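Each chain, letter by letter, is given below.
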Amino acid sequence: EIIVRSWALDKLQELRSAKGTLKLSDLEPILIALISDSSKQVRLKTARVLAFTGELNTSKPLLEQLKVEPDEQVKREMLVALGEACYTGAVATVGRKVPEEVRKETLEWALRFLNEADAEKARSGAGVLGKLLEQDGFKPEDVGRGLKALSERYALASAGADTGLRGSLLGAMA
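So, a few notes on the structure that sits alongside this text. (Residues numbered from 1 in each chain as written. Predicted model: local features only at pLDDT ≥ 70, side-chain atom pairs only at ≥ 80, totals over all residues. Heavy atoms only, no water.)

1. Observations concerning helix α2 (residues 28-35)
- Looking at α2, one finds that the buried residues are Leu31, Leu34 and Ile35. The buried residues of α2 all sit within an arc of 115° when viewed along its axis, so they share a single face. (Buried < 20%, exposed > 50% of the residue type's maximum accessible area, 1.4 Å probe, protein only. Helix = DSSP H or I, 4+ residues; strand = E, 2+ residues; numbered from the N terminus. Arc of directions from axis to C-beta.)

In structure tokens:
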């Protein structure tokens, strides 16, 4: 039932926020299944939970759903969660590595979102791009391409009045 799954995801988010140390590893298979749930609402909430749950190994399922996701809002949240999964997976203490091809495809998705006219999509792309570029492992030309894209998007945003987007772009370049 969609209502039950949605309620359970809300409770997980509340517990995660309240406790801060809630371990979700036992729920990993369930959360991975919910990434591709038939309900847009469930997929959206799952992505939001996973965006704050980088310790789970969800990068591949998130990327696969991102490729086929029909809803733009869910797609944006999936990218944010994927960026967090890649970022956390690059930390040596996690004990798992995000495959290079997943990180590379995530970089391409972040660049795609960065260049969207929609400020929220661009902000999400910038945030993910900033997290990816903080890590070692990308070829110098990929890092240069990412930084150049951020710089170019900043120049475009400077002409407009969206200070929030400009701030996000500066944060990603820092």
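2. A closer look at the packing of helix α5 (residues 72-89) against helix α6 (residues 100-114)
- Between α5 and α6, whose axes approach to 10 Å, the crossing angle comes to 140°. As far as their axial angle goes, α6 and α5 are oblique. Every pair of crossing elements has a handedness; the one defined by α5 and α6 is left-handed. Counted together, Lys75, Arg76, Leu79, Leu82 and Cys86 of α5 and Val102, Arg103, Thr106, Trp109, Ala110 and Phe113 of α6 form the full contact between these two elements.
- Looking at the contact of α5 with α6, its residues break down into seven nonpolar, one polar and three charged. (Axes fitted to C-alpha atoms, helices over the stretch in contact; angles between N-to-C directions. Parallel < 35°, antiparallel > 145°, perpendicular 65-115°, else oblique. Left-handed = near helix turned anticlockwise from the far one by under 90°. Contact = heavy atoms within 4.5 Å. Nonpolar A, V, L, I, M, F, W, Y, C, P; charged D, E, K, R; others polar.)

3. Notes on the packing of aromatic side chains
- Inspection of every chain in the model, using the stated rule, returns one aromatic pair.
- A centroid spacing of 6.3 Å and a plane angle of 55° characterise the contact between tryptophan 109 and phenylalanine 113, whose relative ring orientation is tilted. Taken as a pair, tryptophan 109 and phenylalanine 113 lie in helix α6 at a separation of four residues, close to a single helical turn. There is no split in this pair, since tryptophan 109 and phenylalanine 113 are both buried.
- The ring of phenylalanine 138 carries the charged tip of arginine 103 above its face, separated from the ring centre by 4.3 Å.
- Taking the ring centre of tryptophan 109 as reference, the NZ or CZ of arginine 112 above it sits at 4.2 Å. (Phe/Tyr/Trp six-rings, centres within 6.5 Å; stacked < 30°, edge-to-face > 60°. Lys NZ or Arg CZ within 6 Å of the ring centre and 35° of its normal.)

4. Some points on the packing of helix α7 (residues 119-134) against helix α9 (residues 163-173)
- Packing of α7 against α9 brings their axes to within 8 Å, and their N-to-C directions diverge by 15°. Judged on the interaxial angle alone, α9 and α7 are roughly parallel. Between α7 and α9 lies a crossing of left-handed hand. Along the contact surface, α7 presents Ala119, Ala122, Arg123, Ala126 and Gly130, while α9 presents Gly164, Leu165, Ser168, Leu169 and Ala172.
- Classifying every residue of the contact of α7 with α9 gives six nonpolar, three polar and one charged.

5. Focus: the nonpolar core
- Core analysis: the largest hydrophobic core is formed by 43 residues, its most contacted members being Leu31, Leu114, Leu129 and Leu150.
- The element best represented in this core is α6, accounting for seven residues.
- Contacts of leucine 31, omitting those with residues within four sequence positions, involve Leu9, Leu12, Leu24, Thr46, Leu50 and Leu56. (Core = buried A, V, L, I, M, F, W, Y, C linked by side-chain atoms within 4.5 Å.)

6. Notes on the pattern of salt bridges
- Tallied over the entire structure, the rule returns 16 salt bridges.
- Ionic pairing is found between lysine 131 and glutamate 84, a salt bridge with its closest N-O pair at 2.3 Å. Here lysine 131 is found in helix α7, whereas its partner glutamate 84 is found in helix α5, with 47 residues between them in sequence.
- Overall, glutamate 84 belongs to the buried group, its relative accessible area being 15%.
- Residues participating in the shared-partner salt-bridge network are Lys104, Glu108, Asp142 and Arg145. (Salt bridge = Lys/Arg side-chain N within 4 Å of Asp/Glu carboxyl O.)

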